[in-house]
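Chain by chain, the residues:
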Amino acid sequence: MGEFVSQAMARLPASLEMPEPLTALFGWVEQHGDVLTGADGTLYGGLSSDWSVGTWLELHGGDLADMEILAKHWFGAPSELIVDRLWVFARTGNDGSMAALWRDDAGEQHIVHLGSGSGSNMCGILATDPVDLLRLLAIGYEEICWGSQYAQEPASGREDWTPINQSFRDWVTSTYAVEIPRTGLELVPHAHELATDSYPDDPFVRFIDAVQDEAAAG
């Protein structure tokens, strides 16, 4: 197990389990992507050392301090209401949007998206099968935080960026014997937007509402 994977595993709350595809993603990035060390010693990883190729993603694995900040500024709630059920493991956009593991009321884990609010407003379940997150990353969107783009195939139209990260896509398809869909909508049929959707069928959004209500009542 490499250092990048070890850091992520060490920061994972004991109440959650690291799905094998997510562990494999951290491992692939350590071997084939780009891992840098931040000023505080935290390791950050991307899918490619060439930022002009494929999807931008910043893997890191949040620690307790990160979760306390998230609880205060995103949920407006004490951290104890979320730390045993939610773990941010990546930034999905330069606007500050995030992907996280989340455990629902029945104990099932999902990968969820939390839009920054200052850019992306997409919020809800991204994937229940972690392999579907890898497939989404392999489609070729510049960032996966913009659900409004999921109905279309990624297209560059630019000379300084190529949508497909072929080495990552080849790893996903060969490792998990899956195909990569043409659009994100095939994997995420309800890319909910905060403040514009009622999203009654998304349990993660209902969880957010419940936490915020509990914090307000307290």
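Higher on the page you've got the structure.
What you see is a predicted model, and the numbers here were worked out from it, not measured in a lab. (Residues numbered from 1 in each chain as written. Predicted model: local features only at pLDDT ≥ 70, side-chain atom pairs only at ≥ 80, totals over all residues. Heavy atoms only, no water.)

(A) Molecular detail of the overall build of the chain. Regarding its fold elements, the chain presents six helices and seven strands. For the chain, the succession of helices and strands along the chain, N to C, is α-α-β-β-β-α-β-β-β-β-α-α-α. Taking 2.2 N^0.38 as the reference for a compact globule, 218 residues should give roughly 17 Å; the C-alpha atoms of the chain span a radius of gyration of 17 Å, in line with that estimate. Principal axes of the C-alpha set define a box for the chain whose edges measure 50 × 40 × 30 Å. Buried residues in the chain amount to 51% of all 218 residues. At a minimum sequence separation of 6, the contacts of the chain that also span at least 24 residues come to 57%. Carbon and sulfur atoms make up 49% of the accessible area of the chain, which totals about 10200 Å². (Helix = DSSP H or I, 4+ residues; strand = E, 2+ residues; numbered from the N terminus. Rg over C-alpha atoms; globule rule 2.2 N^0.38 Å. Buried < 20%, exposed > 50% of the residue type's maximum accessible area, 1.4 Å probe, protein only. Contact = heavy atoms within 4.5 Å. Areas by Shrake-Rupley, 256 points an atom, 1.4 Å probe, with all protein chains shown as cover.)

(B) The packing of aromatic side chains, seen in detail. Enumeration over the complete set of coordinates arrives at 13 aromatic pairs. Ring geometry for Trp28 against Phe168: centres 5.2 Å apart, planes inclined by 70°, an arrangement best described as edge-to-face. One end of the pair, Trp28, is in helix H2 (residues 20-32); the other, Phe168, is in helix H5 (residues 166-176), with 140 residues separating them in the sequence. In this structure, Trp28 and Phe168 share a single accessibility class: buried. Judged by centre distance (6.2 Å) and plane angle (70°), the ring pair of Phe75 and Phe207 falls under edge-to-face. (Phe/Tyr/Trp six-rings, centres within 6.5 Å; stacked < 30°, edge-to-face > 60°.)

(C) Quick peek at the environment of Val178. As for its placement among the helices and strands, Val178 is situated in the loop between H5 and helix H6 (203-217). The class of Val178 is partly exposed, set by a relative accessible area of 22%. Separated by 46 residues in sequence, Val178 and Asp132 place their C-alpha atoms 9.2 Å apart. When residues no more than four places from it in sequence are discounted, the contact partners of Val178 are Val131, Arg135, Val172 and Thr173.

(D) Representation of helix H4 (residues 130-139) in the model. Buried residues dominate H4, accounting for nine of its ten residues. The complete set of buried residues in H4 reads Pro130, Val131, Leu133, Leu134, Arg135, Leu136, Leu137, Ala138 and Ile139. In this structure, the buried side of H4 is in contact with H2, strand E4 (86-91), strand E6 (109-114), strand E7 (123-127) and H5. The N-cap residue of H4 is Asp129: its side-chain oxygen and the backbone nitrogen of Val131 are 3.0 Å apart. Just downstream of H4 lies Gly140, where phi reads positive at about 120°. (Polar contact = N/O pair within 3.5 Å; in protein donor to acceptor, adjacent residues only side chain to side chain.)

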